[in-house]
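The residues making up each chain are set out below.
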Amino acid sequence: MKPKVYITRKIPSSIVEKIENTCDVEMWQEENIPVPKEVIENKIQEIDGLFCLLTESIDENLLERANNLKVISNMAVGYNNIDIEAAKRKGITVTNTPGILTDTTADLTFALLMATARRLVESSDYLQKGEWDTWSPMQLTGQDIHGATLGIIGMGRIGEAVAKRALGFDMKVIYHNRSRKSDIEENLHITFVEMDELLKSSDFLCILTPYTKETHHLISKDELSIMKNTAVLINTARGGIVDEQALYQALVNKDIWAAGLDVFEEEPIPVTHPLLSLQNVVSLPHIGSASVKTRLKMCEVAAENLTRGLNNEKPKHVVI
Ligand code: NAP
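The structure reproduced in this document is the subject of the present report. As the structure is a prediction and not an experimental result, all values here were calculated from the model. (Residues numbered from 1 in each chain as written. Predicted model: local features only at pLDDT ≥ 70, side-chain atom pairs only at ≥ 80, totals over all residues. Heavy atoms only, no water.)

**Digging into the packing of aromatic side chains**
For the structure on display, the rule yields two aromatic pairs. Relative to Phe169, the ring of Phe110 lies with its centre 5.1 Å away and its plane at 40°, an arrangement referred to as tilted. With Phe110 in helix α5 (residues 102–117) and Phe169 in the loop between α7 (157–167) and β7 (172–176), the pair connects residues that are 59 residues apart, well separated along the chain. Ring plane angle 75° and centroid distance 5.4 Å describe the contact between Tyr175 and Phe192, whose orientation is recorded as edge-to-face. Here Phe192 lies in strand β8 (residues 191–192) and Tyr175 lies in strand β7, a separation of 17 residues in the sequence. Here Tyr175 falls in the buried class, since its relative accessible area comes to 0%. (Phe/Tyr/Trp six-rings, centres within 6.5 Å; stacked < 30°, edge-to-face > 60°. Helix = DSSP H or I, 4+ residues; strand = E, 2+ residues; numbered from the N terminus. Buried < 20%, exposed > 50% of the residue type's maximum accessible area, 1.4 Å probe, protein only.)

Written out as structure tokens, the structure reads:
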């Protein structure tokens, strides 16, 4: 008998067909509506493999219901949506899709940095609304990117790829990470600094750590108060790393100059959220890895991780 698999969102049929070569597949048929929790609660009792997205919270209560589950394949590099300890206790393999989305996410991080620094969205709205009456010396002036200091928190795959891009803009790159990366320091001529120094010296601060207990609200009131009042904060990692209430206050009080956010504590962020009312915030709907090529590749890799795990081969990207 083939292993049973549930896919929590409609994915391209070519990839479903590949999974079907070795598995019995059932799939939530909607592309833009998340699967209700009750459906997963029901399905998880009988399946051997789960293909899920970061929109699904795979918590301990849900995992308690799993009788045969062997593999959870998350179509993302971050896996903070899965209770890893609970999965481990049940002997379930968890896989993710690292590496393939690194450059696409670094591109978006840099695009967001530039859009925020040079007020692209605000300027475009200004023109569209018919407010462009004349050219004037200080109209819609932003922050220079070239020559500025970029601080990166989390010098992993995406952090390094963002640093490479920054060097092309003649930026000075400093970083903080829980472990030193001497090879990257040497290759890219970037400098490790302690967190306080990073906050104090950065003109742009990019957050690129995973979201864990240790990184929850890593950037909060105290950290924001140390930053320059001309600084721009960019978060393309996970929303919970930044205390959004503290960020809102810092932006309103002009303690920092602007923020570019691709991720939020609650996703989708309610449109009534105070952060979205600020002109010095550029906000995006979690599109870091959203290029056609990369999303297809992520689907493929997640499918391969799943089928390998269910067919007694070691998946290529195992979290636990
Ligand atoms: P990665 O290669 O694992 O890099 C993460 C880095 O963060 C590592 O260097 C790690 O240090 C460091 N780190 C972990 N905890 C830390 C802490 N408490 N303080 C300081 N540094 C810490 O991961 P990646 O592939 O670059 O991805 C990073 C994150 O980006 C993912 O976890 C995901 O949440 C997010 N992401 C978002 C999008 C999007 O669509 N917006 C797309 C892709 C990824 P060590 O080297 O010591 O382990």
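**Section: the site of the ligand**
Taken together, 25 residues form the shell around the ligand, and within it Arg178, Ser179, Lys181, Thr236 and Asp262 come nearest. Interatomic distance of 2.7 Å between a side-chain N/O atom of Ser179 and an oxygen atom of the ligand. Here Arg238 contributes a side-chain N or O atom positioned 3.3 Å from an oxygen atom of the ligand. Out of a free accessible area of 940 Å², the ligand has 87% covered by protein chains. (Near = heavy atom within 4 Å. Polar contact = N/O pair within 3.5 Å; in protein donor to acceptor, adjacent residues only side chain to side chain. Areas by Shrake-Rupley, 256 points an atom, 1.4 Å probe, with all protein chains shown as cover.)

**What to know about unusual backbone geometry**
The peptide bond linking Glu267 to Pro268 adopts the cis configuration, its omega dihedral lying at -5°. On the secondary structure map, Pro268 appears in the loop between β11 (258–261) and β12 (281–283). One non-glycine residue, Leu140, adopts positive backbone phi at about 50°. Residue position: Leu140 is located in the loop between α6 (120–128) and β6 (149–153). Unlike most non-glycine residues, Asp170 shows phi in positive territory, near 55°. With respect to the helices and strands, Asp170 occurs in the loop between α7 and β7.

**Observations concerning the sheet that holds strand β5 (residues 93–95)**
In spatial order, the strands read β2-β1-β3-β4-β5; together these five strands make up an open sheet with parallel pairing. The outermost strands of the open sheet, each flanked by one partner alone, are β2 (24–27) and β5. Strand-to-strand twist in this sheet, taken as the mean axis angle between neighbours without regard to direction, amounts to 15°. Here strand β1 (residues 4–7) runs beside strand β3 (residues 49–52); their pairing, made up of three bridges, is parallel. Bridging from a neighbouring strand, Ile7 pairs with Phe51 of β3. Lying over the sheet, helix α1 (residues 13–20) contacts β1, β2 and β3, oriented at roughly 145° with respect to β2. Sheet contacts for helix α12 (residues 292–310): β1, β3, β4 (71–74) and β5; angle to β4, the most-contacted strand, approximately 170°. (Pairing = 2+ DSSP bridges. Axes fitted to C-alpha atoms, helices over the stretch in contact; angles between N-to-C directions. Contact = heavy atoms within 4.5 Å.)

**Some remarks on the sheet that holds β11**
Taken together, seven strands build an open sheet; the order of strands is β8-β7-β6-β9-β10-β11-β12 and the sheet is parallel. The open sheet is flanked by β8 and β12, the only strands paired with a single partner. Taken together, the four bridges between strand β9 (residues 204–207) and strand β10 (residues 232–235) define a ladder with parallel strand orientation. Residue pairing for β10: Ile207 is matched across the bridge by Asn235. Packed on one face of the sheet, α7 meets β6, β7 and β9 and runs near 175° to β6. Seen against the sheet, helix α11 (residues 244–252) touches β10, β11 and β12 and runs at an angle of roughly 145° to β11.

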